[in-house]
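Coordinates in review
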Amino acid sequence: MSGAVDLSALKQPPAGAGADVGDHTVTEADFEAKVLRRSSQVPVVVALYSQRSPGSIELVQLLERLVGEANGTWDLAAVEAESNMRIAQAFGVQGIPTVIAVAGGQPLADFQGGQPEDQVRQWLAAVVQAVEGKLEGDPDAEPAEQPVDPRFAAAEALLEQGDLAGAQSAYESIVSQEPGNTEAKAALRQVKFLARAQELPETAIATADADPANIAAALDAADVEMFQQRPEAAFDRLIGLISRTSGDERTTVRTRLVELFELFDQAEPFVVAARRKLATALY
């Protein structure tokens, strides 16, 4: 039956009453949560029965006993068909009882009518084996909130207060304790840049344009352009200077350019393009 029926119509259904059979009763009102979502974690065996069919009730009672022995490898949804016709219609049920295994929100296997216990056990074992390692969890579930590292919280609080020196010291402490902490390293680079750039006058750009050979002025101008959120302009300025310099001067400019690259995700298109220009300028 895999993929043969569309169960999406049963999401957010109207409330419906259902007969109470054990602890696994499911109605139209909670079908989405207890079957569709739950089936992304473990297969859910949907057993459609009728209060007017003693044989179908016996089958549900058997499944309730077996699910208690299953150690969470599958779950049970007992659905009273006459009270929840939309569920029965969605599965195309032709007779009662009908049992359908749902995995990942889709029907996987089914059988109709009463079955001996040993055959039911074999069927359940086959269902569990068929989905082993293939279910990844509820796609609609809220992600678990990650605990906040108090060291980062303290550094961020200093940033919010405008204490860049304090924030820099806090991030440097984290990096000294954990040299491989990429998050702390990235934050430290950002703070160092902000501390340097916010002290520069906007006239730094005009100063550098007036004296193209002035290395210090060019570095300041690139910082101001970056601070103004114009990274392409900053990159182009420094790459142009690299193409016109050599020796220690070129090394100084290239070092600053790489520092600016590292303020961004290296997959950003404008970073990739600038790195290509740098390679051309160098070689």
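Before going into details, it helps to say that this report is about the structure given with it. (Residues numbered from 1 in each chain as written. Predicted model: local features only at pLDDT ≥ 70, side-chain atom pairs only at ≥ 80, totals over all residues. Heavy atoms only, no water.)

1. Section: the sheet that holds strand β2 (residues 75-80)
Overall, mixed pairing links the four strands, which are arranged β2-β1-β3-β4 in an open sheet. Looking along the sheet, the strands with just one partner apiece sit at the ends: β2 and β4 (106-112). Here the average twist between neighbouring strands, direction ignored, is 20 degrees. Along the sheet face, helix α4 (residues 117-131) touches β1 (44-49), β3 (98-103) and β4 and points at about 170 degrees away from the line of β4. (Pairing = 2+ DSSP bridges. Helix = DSSP H or I, 4+ residues; strand = E, 2+ residues; numbered from the N terminus. Axes fitted to C-alpha atoms, helices over the stretch in contact; angles between N-to-C directions. Contact = heavy atoms within 4.5 Å.)

2. What about the environment of Asp236?
For Asp236, the location among the structural elements is in helix α10 (residues 231-244). The class of Asp236 is partly exposed, set by a relative accessible area of 40%. The sequence separation of Asp236 and Lys277 amounts to 41 residues, and the corresponding C-alpha distance is 8.4 Å. (Buried < 20%, exposed > 50% of the residue type's maximum accessible area, 1.4 Å probe, protein only.)

3. So, the packing of aromatic side chains
Here the structure, examined in full by the defined rule, presents seven aromatic pairs. Grouped by ring-pair contacts, the aromatic residues Phe235, Phe261, Phe264 and Phe270 constitute a single cluster. (Phe/Tyr/Trp six-rings, centres within 6.5 Å; stacked < 30°, edge-to-face > 60°.)

4. Some thoughts on the side chain of Asn84
For Asn84, the position within the fold is in the loop between β2 and α3 (85-91). At a separation of 2.9 Å, a polar atom in the side chain of Asn84 contacts the main-chain carbonyl oxygen of Glu80. (Polar contact = N/O pair within 3.5 Å; in protein donor to acceptor, adjacent residues only side chain to side chain.)

5. Remarks on unusual backbone geometry
For the bond from Ile96 to Pro97, the omega torsion is 0 degrees, close enough to zero to count as cis. Secondary-structure assignment places Pro97 in the loop between α3 and β3. The phi dihedral of Asn71 falls on the positive side, at around 55 degrees, and the residue is not glycine. The topology assignment puts Asn71 in the loop between α2 (54-68) and β2. Judged by its relative accessible area of 73%, Asn71 is exposed. Of note in this structure, Gln229 is not a glycine but carries a positive phi near 65 degrees. Residue Gln229 is classed as exposed on the basis of its relative accessible area of 71%.

6. Examining the nonpolar core
In terms of nonpolar packing, the biggest core is built from 22 residues, with Met226, Phe235, Leu238, Leu257, Leu260 and Phe261 touching the most fellow members. Counting residues per element, the ones that place at least two in this core are α7 (182-197), α9 (215-227), α10, α11 (247-261) and α12 (269-282). The dominant element in this core, judged by the number of residues it contributes, is α10, at six residues. Here Phe235 is in contact with Met226, Leu257, Leu260, Phe261, Phe264, Phe270, Val271 and Ala274, once residues within four sequence places are set aside. Counting 21 residues, the second largest nonpolar core, distinct from the first, contains Ala47, Val67, Val120 and Trp123. (Core = buried A, V, L, I, M, F, W, Y, C linked by side-chain atoms within 4.5 Å.)

7. Considerations on the packing of α9 against α11
At a minimum axis separation of 11 Å, α9 and α11 run at an interaxial angle of 10 degrees. On the basis of the axis angle, α9 is roughly parallel to α11. Seen from α9, the contacting residues are Ile215, Leu219, Ala222, Asp223 and Met226; seen from α11, they are Glu249, Thr252, Val253, Arg256 and Leu260. The residue inventory of the contact of α9 with α11, partitioned by class, reads six nonpolar, one polar and three charged. (Parallel < 35°, antiparallel > 145°, perpendicular 65-115°, else oblique. Nonpolar A, V, L, I, M, F, W, Y, C, P; charged D, E, K, R; others polar.)

8. Regarding the environment of Pro212
Along the chain, Pro212 turns up in the loop between α8 (204-210) and α9. C-alpha separation for the pair Pro212 and Arg244, spaced 32 residues apart in sequence, amounts to 9.8 Å. With near-sequence residues (within four places) excluded, Pro212 lies in contact with Leu241 and Arg244.

9. Considerations on the pairing of β2
β2 sits mainly inside the fold: six of its six residues count as buried. Across the two faces of β2 the burial is the same, with Asp75, Ala77 and Val79 and Leu76, Ala78 and Glu80 all buried. Two elements, β1 and β2, share six bridges in a ladder whose sense is parallel. In the strand pairing of β2, Val45 is matched with Leu76. The parallel pair β1 and β2, bridged by α2, forms a crossover whose chirality is right-handed. (Right-handed = clockwise from strand over helix to strand, strands pointing away.)

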